[in-house]
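Next come the chains, spelled out residue by residue.
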Amino acid sequence: MPEPTDPSQHPHLATLRRLEQSSGKLAAAAIARMDEQLPWYRAMPPENRSWIGLVAQAGIAAFTEWFRHPETPQAISTDVFGTAPRELTRAITLRQTVEMVRTTIEVVETAIDEVAAPGDESVLREALLVYAREIAFATAQVYAQAAEARGAWDARLESLVVNAVLSGEADEGTVSRAAALGWGSPEHVAVVLGTAPDGDSELTVEAIRRASRHAKLQVLTGVLGSRLVVIAGGSDNPLKAAKSLIGPFAAGPVVAGPVVGDLLAASRSAQAAMAGLKACAAWPDAPRPVLADDLLPERAMAGDPAARDLLVEEIYRPLEEAGSALLETLSVYLEQASSLEGAARMLFVHPNTVRYRLRRVTDVTGWSPSDVRSAFTLRIALILGRLADFGSQP
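Note that the coordinates shown come from a computational prediction; the quantities given were computed from them, not determined experimentally. Numbers given to residues run from 1 along each chain, matching the order in which its sequence is written. Only residues with pLDDT of 70 or above have their local features reported here, since the model is predicted, and side-chain atom pairs are shown and tallied only from 80 upward, although totals for entire chains, interfaces and linings are computed over all residues. For the side-chain quantities, the full set of heavy atoms in the structure was used; hydrogens and water were omitted.

### Digging into the overall build of the protein chain
Point 1. A count of helical and extended segments in the protein chain gives 18 helices and five strands.
Point 2. Put simply, of all contacts in the protein chain between residues at least 6 apart along the chain, 69% involve residues at least 24 apart.
Point 3. In this description, accessible areas are obtained by the Shrake-Rupley approach with a 1.4 Å probe, and a residue is regarded as covered only by the protein chains that are shown. When the accessible surface of the protein chain is totalled, it reaches about 20,300 Å², and 53% of it is carbon and sulfur. A helix here means a DSSP run of H or I that spans at least four residues, while a strand means a run of E at least two residues long, and both kinds are numbered starting from the N terminus. Any two residues whose heavy atoms approach within 4.5 Å are treated as being in contact.

Now the structure itself:
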């Protein structure tokens with residue numbers, strides 16, 4: 001139907017005028033039907049119901065204008081949804097919006113026989129059908145744009161949170177930002193670090209999210225430079241959590257920091273994981289993933305003061321407090337290439353005594369002198385402990 005130059009020459013002028021006169025009545029009927037049929041609408045606060053009412057009125061007004069100039073391109077999404085604030089897309093879901101639009105269209109459709117001039121019923125019904133299609137596309141576009149905007153904003157917010165944890169600057173503001181992203185403050189939190197794969201970082205982040213959903217973990221994640229950082233919550237086993245998330249990481253070491261109590265303490269886990277990632281080159285046969293605490297000797301030799309303190313405070317000091325016999329026996333055993341008989345001869349005791357004392361070392365420290373890797377860790381702890389003692393002497 002060509003656009004008339006003079007509105008008075010509209011081919012269905014009588015129907016157009018009756019539609020204009022009925023707009024307010026139709027909008028009121030649409031709102032009344034929503035209140036009657038849609039429980040979510042009744043449960044909404046008055047302000048949101050008011051905005052929805054304006055959207056319904058704008059939708060009917062836009063249909064009237066569209067019927068007036070059917071050949072003129074109409075920005076339906078702007079005409080209809082521009083009356084409400086952007087926050088409305090957060091207040092009501094896409095499904096609820098579809099129900100709202102459907103209810104409004106149904107109200108207009110049931111009134112066609114009353115609104116249309118005699119003989120124009122089929123014309124108005126066909127126009128409403130085409131308009132319903134256009135409004136459906138407009139609805140999808142509004143929510144798609146809102147989702148894209150939220151996604152971009154959430155990605156920036158998540159990057160801020162991850163960077164704050166990694167840099168040791170996490171504070172209450174960081175916790176608030178994480179909560180806005182859906183972080184539920186789990187009791188157990190650990191940071192997992194590795195190399196990010198080449199390509200689109202968004203795909204990597206989405207792969208981490210899929211893996212976390214499968215493992216029932218909460219995650220905050222991001223690609224910072226060449227690193228893929230994952231803050232995982234909900235598991236008291238950091239190695240298990242890292243194994244469930246390892247798929248999206250690129251080749252190379254993946255290090256899991258120790259479990260901490262909350263997001264504010266996650267910086268400690270992140271610092272340990274970063275130090276472990278740096279020191280991992282010194283242990284080419286390290287498992288993948290590996291715990292940062294399993295890399296304590298390499299971290300200490302790479303200059304990590306936290307690792308040095310841990311080795312001294314959690315291994316050397318407990319042995320020192322348990323009595324000089326344990327320290328002496330462990331030292332001699334390690335010097336004798338882990339030989340029970342050799343250590344017994346040097347100490348002038350029975351091999352069973354050496355064996356008993358070594359079991360006590362394991363009980364006190366959690367590290368077994370008979371295991372090659374543990375023996376290496378114990379040896380470094382002894383060296384650092386002696387240096388600490390020497391440095392404290394006047």
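### Details of the pattern of salt bridges
Point 1. Salt bridge, as applied in this entry: a Lys or Arg side-chain nitrogen positioned within 4 Å of an Asp or Glu carboxyl oxygen. For the structure shown, the criterion picks out twelve salt bridges.
Point 2. Close ionic contact of Glu158 with Arg209 constitutes a salt bridge, the shortest N to O distance being 2.4 Å. Of the two residues, Glu158 is situated in helix α8 (residues 121–167) and Arg209 in helix α10 (residues 201–215); the sequence distance between them amounts to 51 residues.
Point 3. The partly exposed category is assigned to Arg209, whose relative accessible area is 24%. Exposure is judged per residue with a 1.4 Å probe applied to protein chains only, and the accessible area is read against the type maximum: over 50% gives exposed, under 20% gives buried, and values in between give partly exposed.

### Some details on the sheet that holds strand β1 (residues 189–195)
Point 1. Criterion used throughout: strands pair if DSSP finds at least two bridges between them. Across the sheet, five strands lie side by side as β2-β3-β1-β4-β5; this open sheet has mixed pairing. Of all the strands in the sheet, the pair left with one neighbour each is β2 (218–224) and β5 (290–291).
Point 2. Axis lines are fitted to C-alpha atoms, over the contacting stretch for helices. Their N-to-C directions set the angle, which ranges from 0 to 180 degrees. Of the strands in this sheet, β1, β3 (227–233) and β4 (255–256) touch helix α12 (residues 266–279), which is tilted by about 30° from β1.

### Let's talk about the packing of aromatic side chains
Each aromatic ring pair is specified by the distance between its two centres and by the angle formed by the two planes.
Point 1. Pairing of aromatic rings covers Phe, Tyr and Trp, the last counted by its six-membered ring, and requires centre-to-centre distances within 6.5 Å; plane angles under 30 degrees mean stacked, over 60 mean edge-to-face, and any other angle means tilted. According to the stated counting rule, one finds three aromatic pairs in the structure shown.
Point 2. Ring centres of Phe63 and Phe67 lie 6.4 Å apart, and the angle between their planes is 45°; this geometry places the pair in the tilted category. Residue Phe63 and its partner Phe67 are both found in helix α3 (residues 46–68); the two are separated by four residues, about one turn of the helix. The same class applies to Phe63 and to Phe67, which are both buried.
Point 3. Ring centres 5.1 Å apart and planes at 55° place the aromatic pair Phe63 and Tyr131 in the tilted group. Residue Phe63 is found in helix α3, and its partner Tyr131 is found in helix α8; the two are separated by 68 residues along the sequence.
Point 4. Exposure remark for Phe63: the relative accessible area of 2% places this residue in the buried category.
Point 5. A connected cluster of aromatic rings, assembled from ring pairs, spans Phe63, Phe67 and Tyr131.

### A word on the side chain of Thr64
Point 1. Position of Thr64 among the secondary structure elements: in helix α3.
Point 2. The residues touching Thr64, leaving out its near neighbours within four places in the chain, are Leu16, Leu19, Glu20 and Ser23.

### What to know about empty space enclosed by the protein
Point 1. A 1.4 Å probe that fits but cannot get out identifies a cavity on a 1 Å grid over protein atoms alone, an open set with protein on both sides within 12 Å along at least five of seven lines counts as a pocket, and a residue lines either if it has an atom within 4 Å of a point. Grid points are joined across faces, edges and corners, and a volume is the space filled by probe spheres set on the points. Evaluated as defined, the whole model comprises one cavity of 30 Å³ or more.
Point 2. Of the volumes computed, that of the largest cavity is approximately 130 Å³.
Point 3. Around the largest cavity, the lining comprises 14 residues; the ones closest to its centre are Gly59, Ile60, Thr104, Ile105 and Tyr131.
Point 4. Listed by contribution, the elements that provide at least two residues to the lining of the largest cavity are α3, α6 (94–110) and α8.
Point 5. Each residue gets one of three labels, nonpolar for Ala, Val, Leu, Ile, Met, Phe, Trp, Tyr, Cys and Pro, charged for Asp, Glu, Lys and Arg, and polar for the others, Gly among them. Here the lining of the largest cavity is composed, by residue class, of twelve nonpolar, two polar and no charged.

### Notes on the environment of Val349
Point 1. Within the secondary structure, Val349 is located in the loop between α16 (340–347) and α17 (351–365).
Point 2. On the basis of relative accessible area, Val349 is assigned to the partly exposed category, the value being 24%.
Point 3. Aside from chain neighbours lying at most four places away, what touches Val349 is Ala344, Val354 and Arg357.

### Re a negative patch on the surface
Point 1. Patch members must show over 30% relative accessible area and no salt bridge, and they are joined within 9 Å when carrying like charges or within 5 Å when they are nonpolar side chains of Val, Leu, Ile, Met, Phe, Trp or Tyr. Residues counted as positive are Lys and Arg, residues counted as negative are Asp and Glu, and His and the chain ends are not counted. Lysine's charge is taken at NZ, arginine's at CZ, aspartate's at CG and glutamate's at CD. A cluster of acidic residues, Glu169, Asp171, Glu172 and Asp262, forms a negative patch on the protein surface.
Point 2. Looking at the element boundaries, Asp171 is found in the loop between α8 and α9 (172–180).

### Notes on the environment of Ser244
Point 1. When you line up the elements, Ser244 lands in helix α11 (residues 238–245).
Point 2. What makes Ser244 partly exposed here is its relative accessible area of 29%.
Point 3. The sequence separation of Ser244 and Ala215 amounts to 29 residues, and the corresponding C-alpha distance is 6.3 Å.

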